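One-letter residues, chain by chain:
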Amino acid sequence: MNILACVDRLERERDLSDAEFAALIKCEDPEALEYLFARARAVRDAQYGRKVYIRGLIEYSNYCKNDCLYCGIRRSNRGAERYRLSEGQILDCCRAGYALGFRTFVLQGGEDPYFTDERAVSIVSAIRREFPDCAITLSMGERGRESFQRLFDAGANRYLLRHETADCAHYAQLHPAELTLAHRVQCLRDLKSIGYQTGTGMMVGSPFQTADCLVRDLRFIQELQPQMVGIGPFIPHHDTPFARYPAGTARQTLTLLAMLRLMLPCALLPATTALGTIDGDGREKGMNAGCNVVMPNLSPRDCRSKYLLYDNKIATGDEAAESLNSLKKRMERAGYEIVTDRGDYRDA
Ligand code: 5AD
């Protein structure tokens, strides 16, 4: 198969056959990959230029009622030291973030039943009142449609809910039986139809994942047409059933990011923390593969080490919101400019 021709056609038609998708996903030829990344950069540059949008990540709770096999804050991990932030603490994070130049706040947490609709609506309303010029992104897991609607009406604009894998059998290998791909997908459709800018995504290299699973992920994303796609390598966590499985690779993550850029030219694509964790230059490499978002950590310092989805998760240094200046310099050296902007989705 001629990989360069596939890249060109993916850019032109935003689509390939399953076999061509799989061939690109598996490609390890450095020259072909460099070409893929160059086309992804060109498409990103045409849409968004060299601007990098920043999102302040507030990890508000690591309590979780779910027991996903890969995740370090799964409910049966007795080793996790649990915390949750109060509304006041969350607002303080937003204030610190605003002063640093953040205009999007991402509230991410485990599925913590403490955050009833009433409490979550109160938090979103308070942020909306105090920061009318900012976008509020929620990443609070699966909820009912009514709940999504109430949060939207309270002022939330965006929602991140990775589908994790679009292959039913694979989904069942990563999750306990009470969690289903069908319900996950229902949530995503509800979010989109309510009017959220919606993000989905998957882990790359998770246990039992095959190239076929990834092809399904691409097909699912193609069909959903999300505004954002978050993908990062799977990284084992020592207190989970997947402790001994190998991590996903930066190369495969970058390949998928670049393919997604060609498929969804307007998408907001973060260079994720997980990518920065397995590769010290992960964020820059992500930008060079077509990303246009980074999500520094705005959580209170003493919580960061507790929100451990996987081992060695970076939360200090350039990953910390306070180090924005050094992240800015790094990005500038790589040819990018961090901007103070909500960075909303823009259609072509
Ligand atoms: N490795 C990489 N990513 C993980 N996530 C959860 N656990 C891990 C892990 N071990 C990701 C999931 C989730 C997001 C918040 O973090 O994809 O959606």
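Draft legend 1. How the structure looks around the site of the ligand. Contacts to the ligand come from Tyr70, Cys71, Gln108, Arg162, Glu164, Met203, Pro233, Phe234, Ile235, Leu309 and Tyr310. Leu309 has a polar backbone atom sitting 3.5 Å from a nitrogen atom of the ligand. Relative to its free-state accessible area of 410 Å², the ligand is covered by the protein chains to the extent of 87%. Across the shell around the ligand, the residue classes tally to eight nonpolar, one polar and two charged.

Draft legend 2. Focus on the pairing of strand S2 (residues 56-61). In terms of burial, S2 is a largely internal element, six of the six residues being buried. Across five bridges, S2 lies against strand S3 (residues 104-109) in parallel orientation. In the strand pairing of S3, Glu59 is matched with Gln108. Between the parallel pair S2 and S3, the chain is carried across by helix H4 (residues 87-100), and the sense of this crossover is right-handed.

Draft legend 3. Molecular detail of the packing of helix H1 (residues 3-13) against helix H10 (residues 250-263). One can describe the packing of H1 onto H10 by two numbers: an axis separation of 7 Å at closest approach and a directional angle of 40 degrees. With respect to each other, H1 and H10 are oriented oblique. Where H1 approaches H10, its residues Val7, Leu10 and Glu11 are matched on the opposing element by Met259, Leu262 and Met263. For the contact of H1 with H10, the residue count by class is five nonpolar, no polar and one charged.

Draft legend 4. Broad picture of helix H3 (residues 30-48). In a regular helix each residue adds 1.5 Å, so 19 residues correspond to 27 Å; H3 covers 26 Å between its end C-alpha atoms and thus fits that length. Within H3, the full set of buried residues consists of Ala32, Leu33, Leu36, Phe37, Ala40, Arg41, Val43, Arg44 and Tyr48. Looking at the packing, one finds that the buried side of H3 touches H1, helix H2 (18-26), strand S1 (51-54), H10 and helix H12 (282-288). Two residues or fewer after H3 comes Gly49, characterised by a positive phi angle close to 65 degrees.

Draft legend 5. Layout of the sheet that holds S3. Ordered by their spatial adjacency, six strands build an open sheet running S2-S3-S4-S5-S6-S8, and the pairing between neighbours is parallel. Edge positions in the sheet fall to S2 and strand S8 (228-229), since each has one partner strand and no second.

Draft legend 6. Fine view of the packing of helix H5 (residues 117-130) against helix H6 (residues 145-153). Close contact between H5 and H6 brings their axes to 9 Å; oriented N to C, the two are set at 25 degrees. When the axes of H5 and H6 are compared, the pair comes out roughly parallel. As for how H5 packs across H6, the hand of that crossing is right-handed. On H6, the residues that touch Asp117, Ala120, Val121 and Val124 of H5 are Ser147, Arg150 and Leu151. Residues that form the contact of H5 with H6 fall into these classes: four nonpolar, one polar and two charged.

Draft legend 7. Main features of the sheet that holds S1. Sheet architecture is open: three strands sit in the order S10-S1-S11, paired in parallel fashion. Since the sheet does not close on itself, it has two edges, and those belong to strand S10 (293-294) and strand S11 (337-339), each with one partner. Note that S1 and S10 share two bridges and pair parallel. Residue Tyr53 lies in a different strand from S10, and its bridge partner there is Val293. Strands in contact with helix H14 (residues 324-333) are S1, S10 and S11; relative to S11, the strand with the most contacts, it is inclined by about 140 degrees.

Draft legend 8. View of the packing of aromatic side chains. Under the definition given, this model contains twelve aromatic pairs. Between Tyr159 and Tyr196, the aromatic rings sit 5.7 Å apart at their centres with planes inclined by 80 degrees, giving edge-to-face as the arrangement. With Tyr159 in strand S5 (residues 158-160) and Tyr196 in the loop between helix H8 (181-194) and strand S6 (197-200), this residue pair connects regions lying 37 residues apart in the sequence. Ring geometry for Phe208 and Phe242: centres 6.1 Å apart, planes at 75 degrees, overall edge-to-face. Taken as a pair, Phe208 in the loop between strand S7 (203-204) and helix H9 (211-224) and Phe242 in the loop between strand S9 (232-233) and H10 lie far apart in primary sequence, 34 residues in all. Overall, Phe208 belongs to the partly exposed group, its relative accessible area being 39%. In textbook terms, an aromatic cluster arises when at least three aromatic residues are bridged by ring pairs, as seen for Phe148, Phe152, Tyr159 and Tyr196. A cation over an aromatic ring shows up here: Arg84 above the ring of Tyr63, its NZ or CZ 4.3 Å from the ring centre. Here the guanidinium or amino end of Arg103 rests over the ring plane of Tyr98, the centre of that ring lying 3.5 Å away.

Draft legend 9. Inspection of the nonpolar core at higher detail. With 102 residues, the main nonpolar core has Phe105, Ile127 and Leu138 as its most contacted residues. When residues of this core are assigned to their parent elements, the largest contribution, nine residues, is made by H10. For Phe105, the contacting residues outside a window of four places in its chain are Gly56, Ile58, Cys94, Gly97, Tyr98, Ile127, Phe131, Cys134, Ala135, Ile136, Thr137 and Leu298. Of all hydrophobic cores here, the second largest spans eleven residues; its members include Cys266, Leu268, Met295 and Val339.

Draft legend 10. The arrangement of the pattern of salt bridges in detail. One pass over the full model with this rule turns up 29 salt bridges. With a closest N to O distance of 3.1 Å, Lys65 and Glu111 form a salt bridge. Of this pair, Lys65 sits in the loop between S2 and H4 while Glu111 sits in the loop between S3 and H5, placing them 46 residues apart in sequence. Look at Lys65 and you get partly exposed, because its relative accessible area is 42%. The class for Glu111 is buried, based on a relative accessible area of 9%. When the shortest N-O distance is used, the salt bridge between Asp112 and Arg84 registers 2.8 Å. Linking Asp112 in the loop between S3 and H5 with Arg84 in the loop between S2 and H4, this pair joins segments that are 28 residues apart in sequence. Residues participating in the shared-partner salt-bridge network are Asp15, Asp18 and Arg219.

Cut-offs and rules
- Residues numbered from 1 in each chain as written.
- Predicted model: local features only at pLDDT ≥ 70, side-chain atom pairs only at ≥ 80, totals over all residues.
- Heavy atoms only, no water.
- Near = heavy atom within 4 Å.
- Polar contact = N/O pair within 3.5 Å; in protein donor to acceptor, adjacent residues only side chain to side chain.
- Areas by Shrake-Rupley, 256 points an atom, 1.4 Å probe, with all protein chains shown as cover.
- Nonpolar A, V, L, I, M, F, W, Y, C, P; charged D, E, K, R; others polar.
- Buried < 20%, exposed > 50% of the residue type's maximum accessible area, 1.4 Å probe, protein only.
- Helix = DSSP H or I, 4+ residues; strand = E, 2+ residues; numbered from the N terminus.
- Pairing = 2+ DSSP bridges.
- Right-handed = clockwise from strand over helix to strand, strands pointing away.
- Axes fitted to C-alpha atoms, helices over the stretch in contact; angles between N-to-C directions.
- Parallel < 35°, antiparallel > 145°, perpendicular 65-115°, else oblique.
- Contact = heavy atoms within 4.5 Å.
- Expected span 1.5 Å × (residues − 1).
- Left-handed = near helix turned anticlockwise from the far one by under 90°.
- Phe/Tyr/Trp six-rings, centres within 6.5 Å; stacked < 30°, edge-to-face > 60°.
- Lys NZ or Arg CZ within 6 Å of the ring centre and 35° of its normal.
- Core = buried A, V, L, I, M, F, W, Y, C linked by side-chain atoms within 4.5 Å.
- Salt bridge = Lys/Arg side-chain N within 4 Å of Asp/Glu carboxyl O.

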